[in-house]
Protein chains: 2
Amino acid sequence: VRKVELELIVLGLGNVARRAARLIVELQDRVPFTCRAISVVTARHGHMQSDDGLDLRAVLQRVESGGRLGADAMGTVPMIADLCARRAMAVRERRLVCIETTVLNITDGEPAISHVRAALEGGAHVVSANKGPAAFAYSDLVAVAERRQRAFLFEGAVMDGIPVLNLVRETLPGVRIEGFRGVINSTTNHILTALETGETFDAALARMQAEGIAEADPSLDVDGWDAAAKTAVLMNALMGARVTPHDIDREGIGGVTPDEARAAVERGERLRLVASAGREGGRLQGRVRLERVAAADPLGSLTGQQNALLIRTDVLGEIGILQRDAGLTQTAYAIVADLTTIARRLGS
Amino acid sequence: VRKVELELIVLGLGNVARRAARLIVELQDRVPFTCRAISVVTARHGHMQSDDGLDLRAVLQRVESGGRLGADAMGTVPMIADLCARRAMAVRERRLVCIETTVLNITDGEPAISHVRAALEGGAHVVSANKGPAAFAYSDLVAVAERRQRAFLFEGAVMDGIPVLNLVRETLPGVRIEGFRGVINSTTNHILTALETGETFDAALARMQAEGIAEADPSLDVDGWDAAAKTAVLMNALMGARVTPHDIDREGIGGVTPDEARAAVERGERLRLVASAGREGGRLQGRVRLERVAAADPLGSLTGQQNALLIRTDVLGEIGILQRDAGLTQTAYAIVADLTTIARRLGS
């Protein structure tokens, strides 16, 4: 089988994008595409372009040793438009893909939304591991993607590379999603598990920051914003909602003490930050709530960084998908899976 | 989007096939195909053919009221070959599909294997809800399918319509399956759950037979053969094995007492019939074993007819898929999903 040759515009070169770049090389004999980065744009290391293709290995090494790639981009959106115009052949052949992994902005999802829109308008497919675009502007961006006949994929936005959006789209044809219930934020699940062992909140959080699991600014996780953004993505993409993270009825885990966590265990329960959605009085409502979950519940048996999503359907009843191991590779894999989806569509 | 018009050869018209026929009508506005049955062959009700398409509703009514469709088929395999030859246009356009739902023969998988081979050789795609062909002759049948460029799909063989084979094929590109562990036989799980409440083995089994969950001859379930056949299907399809159900290290649940089941619960465990596979000393080995599973294990929290499969992968670690509700509709849905896969490939 002849491989599809993708050209990449890489926006953001943090941990996820760098691991994805290496994973693509590791899995190159197993995936139906090859790729060539023609532009890399970073927030802290400047940007670099080459229509002949960048030496991505050298780029990664320079960024990881703290070096700079070049001057800052003078405006990412016009640059995307310019690149799309310049790579006319790749655009015509639908081989141009923009990989968006910039940081989630929980206020309004920008500038990632503008990046995605500019790329789609320019004729590039978009693969995003950033929750913002689908959480804040799903229906607008899907409309652009459909008009331009390009893919807008974001498997990594919800449960790392564990298939959730792909599961529904590819394997559940004709099935309607009526709601869901899940534990989809690893940091809070890890902290709640640590509290059950008597560790204090601050100690657990500090340990996770040291291990690179939690962010330096943990408020997105701890206050439930990350789970709310994922809830909005799932509602928009699977249930036809038009919500943003600010529409989710949200609480965090900030006030939980080891005593409370251990008391729940003694009652045969666990405290878990549960994301859910469903129809209430004819209206879709999403929630992120600290809940007491029975230990035998699939959400109750999760420990540490494990995630789970239980999807309520009309035809098949409830289906669950479990992530039993989590890490950077899992998140990076979502980008590989989305690139494969694009390559399969082009190759068929 | 224009729908693909499939022509169906229907082998077997038991509960699953009849529910599938109705489900296709119920979901007709949501699936990318229409279909027309040109032949129905049953074991007990004779057979019926019409190149113009049968009135499937009338066929179902006649079978369900105990009536006959016509004389017995004079030999199903030559009839399949004859039909394929006669429907040359549908074969050329790759629109002919054989739906195989005859009963599992645990001795050698026949005659279903011959049905599948004849249909593939004749140029029909095959959708099977019967475990036999993939459990006993996977590599042979896949070779025929590849040579004839036809689909051989059997999602319903393992976890009803809950995606397992589709999950790996469609959503986990580039990922290698190293092993699995699961509870994939509903009848035994139901009986073991009933034993925990003090019900006797015979009473639980009789109740399930009355409810239509267990077969009149329960030995396939109780002795672990159904789980062994599913284990063979998963090993062959996902791990490149060439095993049959007879190669699986198998035990059943025949000797379990309510006291043993309740003692396990008191220890914080559950007795479960666990199917598993993995590499042992360089060799793939499948097992079906009565195991003591921790209550917090995803396999331990399953009750009644719930199923779960934990898949061990190289890239993503362990992933689980849970079936929380089971029934005839779920099994029938597998056929809808497989027909959709065929229609999508034809439509793309």
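See the structure above.
Below, the structure is looked at part by part. (Residues numbered from 1 in each chain as written. Chains lettered and ligands numbered in written order. Predicted model: local features only at pLDDT ≥ 70, side-chain atom pairs only at ≥ 80, totals over all residues. Heavy atoms only, no water.)

### Remarks on the sheet that holds strand β11 (residues 307–313) of chain A
Then, in step 1: Strand order in the open sheet formed by 12 strands is β8(A)-β10(A)-β9(A)-β7(A)-β11(A)-β12(A)-β12(B)-β11(B)-β7(B)-β9(B)-β10(B)-β8(B), and the pairing between neighbours is mixed. The two strands at the open ends of the sheet, each matched to only one other strand, are β8 (249–250) of chain A together with β8 (249–250) of chain B.
Then, in step 2: Sheet topology places β8(A) next to strand β10 (residues 283–294) of chain A; two bridges connect them, and they run parallel. Counted as the bridge partner of A:D249 is A:R287 from β10(A). (Pairing = 2+ DSSP bridges. Helix = DSSP H or I, 4+ residues; strand = E, 2+ residues; numbered from the N terminus.)

### Details of the environment of B:S186
Residue and element names in this part refer to chain B.
Then, in step 1: Along the chain, S186 turns up in helix α9 (residues 186–196).
Then, in step 2: Taking the C-alpha atoms as reference, S186 lies 17 Å from R292; in sequence the two are 106 residues apart.
Then, in step 3: Other than its neighbours up to four places away in sequence, S186 contacts G304, Q305 and N307.
Then, in step 4: Among the polar contacts made by the side chain of S186, one reaches the main-chain carbonyl oxygen of Q305 at a distance of 3.4 Å. (Contact = heavy atoms within 4.5 Å. Polar contact = N/O pair within 3.5 Å; in protein donor to acceptor, adjacent residues only side chain to side chain.)

### As for the pattern of salt bridges
Then, in step 1: Enumeration according to the criterion identifies 56 salt bridges over all chains in this entry.
Then, in step 2: Where A:R324 meets B:E318, a salt bridge forms, and the shortest distance between an N and an O atom there is 2.8 Å. Note that A:R324 is positioned in the loop between β12 (318–323) and α14 (328–347) and B:E318 in strand β12 (residues 318–323), a pairing that runs across two chains.
Then, in step 3: Ionic contacts of the salt-bridge type, sharing partners, join the residues A:E7, A:R36, A:D51, A:D82, A:R86 and A:R87 into one network. (Salt bridge = Lys/Arg side-chain N within 4 Å of Asp/Glu carboxyl O.)

### A closer look at unusual backbone geometry
Residue and element names in this part refer to chain A.
Then, in step 1: In this chain, E110 is followed by P111 through a cis amide linkage whose omega measures 5°.
Then, in step 2: Along the chain, the position of P111 falls in the loop between β4 (96–100) and α5 (112–121).
Then, in step 3: One non-glycine residue, R94, lies in positive phi territory at about 60°.
Then, in step 4: Turning to its location among the elements, R94 is positioned in the loop between α4 (88–92) and β4.

### Comments concerning the interface of chain A and chain B
Then, in step 1: Opposite the 39 residues of chain A that make contact, chain B presents 39 residues.
Then, in step 2: In total, about 3600 Å² of surface goes out of reach between chain A and chain B, with carbon and sulfur atoms giving 56% of it.
Then, in step 3: For the interface between chain A and chain B, the tally reads four salt bridges.
Then, in step 4: The tally of links from chain A across to chain B stands at 18 residue pairs in polar contact (both at pLDDT 80 or more).
Then, in step 5: Of all the elements in the fold, those that place two or more residues in the side of chain A that touches chain B are α8 (165–171), β12 and α14 of chain A.
Then, in step 6: Of the residues that constitute the side of chain A that touches chain B, the class distribution is 18 nonpolar, 12 polar and nine charged.
Then, in step 7: Here five bridges tie β12(A) to β12(B), and the two strands are oriented antiparallel to one another. Bridged to A:I321 within β12(B) is B:I321. (Buried area = accessible area lost by both parts, 1.4 Å probe. Nonpolar A, V, L, I, M, F, W, Y, C, P; charged D, E, K, R; others polar.)

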